[in-house]
Amino acid sequence: MSIRYQLIVGFSFLILIFTVVFFVNQRLSREVLTNTIYLNNSEAVIRNSNALHKEIIEMQSGFRGYLLTNQESFLQPYYDGLKSVPLLLTEQMQLLSTQTQKLKLDSIIKLHKEWISYSDSLISTKKDTLPEAGFRFKKLFDTKLKMEVGKKLNDQITAMFFTLDNYEYKLRLERRDVLQNSISQTRRISIVLTVICILISFAMGFYFLRTITGRISKMVRFSERISGGEFISLPDTKKDEMTRLVNSLNQMSETLSTTFKELKKKNDELDQFAYVVSHDLKTPLRGINNIVNWVEEDHPDQITPELAKSLTLIKGRIERMGKMINGLLEYARIGRVKKQIKTFDLNELLLELKELIIPSKGNLIIEKKLPWIKAEKIRLEQVFSNLISNAIKYNDKENPEIKISFEDKGDEYMFCVKDNGPGIEKQYLDKIFLIFQTLKERDAFESTGVGLAIVKKIVEDNNGKINVDSELGKGSAFYFTWPKQK
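Quantities reported herein were computed from a predicted structural model and do not represent experimental measurements.

Caption draft 1: Region of interest: unusual backbone geometry. Phi at Asn 463 takes a positive value of approximately 65°, unusual for a residue other than glycine. With respect to the helices and strands, Asn 463 occurs in the loop between helix 10 (451-461) and strand 6 (466-470).

Rendered as structure tokens:
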């Protein structure tokens, strides 16, 4: 399975989990909201029931006060109740949510209407001034009031209100329990689903870290081993995008291995060729040199000044050719054979070179004490020796002067070899590092053109860089870096 597909599946699963969490929370939230609304409605039912019962009691109190005192002012609560009680009953009917409660309220309404009918008949009869009204009131008094018809209706109404309120309280307690359970269940389910999402996210992250970064680390180590010259293969049984990268690295390793083997073979052949060529070239050169010596020794009387000059020129060319062959061999050997690495004092090295290279009229100035350095001593000696020799050889001053300085760049040193010679034109600054290239005619100045090429190759073989800063008539300064070895 490809990494892309695995990522899609993993994220799709997470999205599915989050969707489930969302809808579960929505459902539980609706339950909580429904229960909350019901509790609020239940409080309104109880509050309205109390108000309704209070209005009915005030109507009853006003009615009794009127009967006892015959003062109509006591009937004001009664008349107010005739207006407000129907409205409260209608509102209460709308608030009730169960059929049982509505039936109880219907009973209260029925009993209240009977009491209204009973009280209206007594009030209207008592208010009537006709002679026969007294008789009717006495009859009603005897048949209803003495029989406690009104009291019985009031007691029934009170009992029904008590039943209705108790039933509502019971329902409210049940709903409150349901609400608490819903809240607790919502909290538990949310926590469980959140923990599941977190665990799945961590599991996916760990899986992909292990799958991707682990394999990347293996490939990094594999690449480091390749860069170190160990051309191996990295097994990979997975079939995804990174397998292609592993296959590319394996192919690169195989290609590099083949290339290095071929390069080693070519280098060996080049070494053999260089030694053979040098031997084959030096043999005829020695023969020519011997012939010139024989001519000079066997026929000294026949050598004219012109001939002597030509023979001297031939011997100079032979010597230069020998030096060029030796320089070519030295150039070819650089980097092929590693010399012993040791720690040594550069100050002592330069003092030794001063004794060997600097003429009596010359001056070598070390601007500040040079460091101890760990390197191939012979190679660094070749670099300084060639740069100092060139500074002396090409110097046009009577008293040549060479200054040596350095800077510590952290991971490397930068050295400077500066002279007070004639300088170099800018157009030739790159040409001087090419092998067998000289800035002066060889007939006018004896030079093989190998020294600076060897210096450049040695510096670059040690992962350094070299450049020259020069201006005609103002001398030259050669800068080269040399990495520190730990």
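Caption draft 2: Inspection of the sheet that holds strand 6 at higher detail. Strand order in this open sheet of 5 strands is 2-4-5-7-6, and the pairing throughout is mixed. Strands with a single pairing partner mark the edges of an open sheet, and in this sheet they are strand 2 (363-366) and strand 6. Recorded for the sheet is a direction-independent mean angle of 20° between the axes of neighbouring strands. Pairing analysis gives 7 bridges linking strand 4 (residues 401-408) to strand 5 (residues 412-419), with the strands arranged antiparallel. The partner of Ile 404 across the bridge, within strand 5, is Val 417. The sheet strands contacting helix 9 (residues 377-393) are strand 4, strand 5 and strand 7 (476-483), and the helix crosses strand 7 at an angle near 175°.

Caption draft 3: Up close: the packing of helix 8 (residues 346-357) against helix 9. Helix 9 packs onto helix 8 with a crossing angle of 45° between their chain directions and a minimal axis gap of 11 Å. Between helix 8 and helix 9, the interaxial angle falls into the category oblique. As helix 8 packs across helix 9, the resulting crossing turns out to be right-handed. Across the interface between the two elements, Leu 346, Leu 349, Leu 350, Leu 353 and Ile 357 from helix 8 touch Lys 377, Leu 380, Glu 381, Phe 384, Ser 385, Ile 388 and Ser 389 from helix 9. Residue composition of the contact of helix 8 with helix 9, grouped by class: 8 nonpolar, 2 polar and 2 charged.

Caption draft 4: Main features of a nonpolar patch on the surface. A grouping of Phe 13, Leu 16 and Val 20 is seen on the molecular surface, where their side chains present a nonpolar patch of about 260 Å² in accessible area. Tracing the sequence through the fold places Phe 13 in helix 1 (residues 3-69).

Caption draft 5: A look at the pattern of salt bridges. Following the criterion strictly, the structure yields 5 salt bridges and no others. In this structure, Lys 474 engages Glu 471 in a salt bridge whose closest nitrogen and oxygen atoms are separated by 3.8 Å. A residue is classified by how much of its surface remains accessible, and Lys 474, at 60% relative accessible area, is exposed.

Caption draft 6: Representation of the nonpolar core in the model. In this structure, Leu 346, Phe 384, Phe 415, Phe 480 and Trp 482 are the most contacted members of the largest nonpolar core, which totals 38 residues. Every element with two or more residues in this core is listed here: helix 8, strand 3 (372-376), helix 9, strand 4, strand 5, helix 10, strand 6 and strand 7. If one sorts the elements of this core by residue count, helix 9 sits on top with 7 residues. In this structure, Leu 346 is in contact with Leu 370, Pro 371, Ile 373, Leu 380, Phe 384 and Phe 415, ignoring residues within four places of it in sequence. Formed by 29 residues, the second largest nonpolar core is a distinct cluster that contains Leu 88, Leu 96, Met 160 and Leu 164.

Here is what the cut-offs are and how they apply
- Residues numbered from 1 in each chain as written.
- Predicted model: local features only at pLDDT ≥ 70, side-chain atom pairs only at ≥ 80, totals over all residues.
- Heavy atoms only, no water.
- Helix = DSSP H or I, 4+ residues; strand = E, 2+ residues; numbered from the N terminus.
- Pairing = 2+ DSSP bridges.
- Axes fitted to C-alpha atoms, helices over the stretch in contact; angles between N-to-C directions.
- Contact = heavy atoms within 4.5 Å.
- Parallel < 35°, antiparallel > 145°, perpendicular 65-115°, else oblique.
- Left-handed = near helix turned anticlockwise from the far one by under 90°.
- Nonpolar A, V, L, I, M, F, W, Y, C, P; charged D, E, K, R; others polar.
- Patch = residues over 30% accessible without salt bridge, like charges linked within 9 Å, V, L, I, M, F, W, Y side chains within 5 Å.
- Areas by Shrake-Rupley, 256 points an atom, 1.4 Å probe, with all protein chains shown as cover.
- Salt bridge = Lys/Arg side-chain N within 4 Å of Asp/Glu carboxyl O.
- Buried < 20%, exposed > 50% of the residue type's maximum accessible area, 1.4 Å probe, protein only.
- Core = buried A, V, L, I, M, F, W, Y, C linked by side-chain atoms within 4.5 Å.

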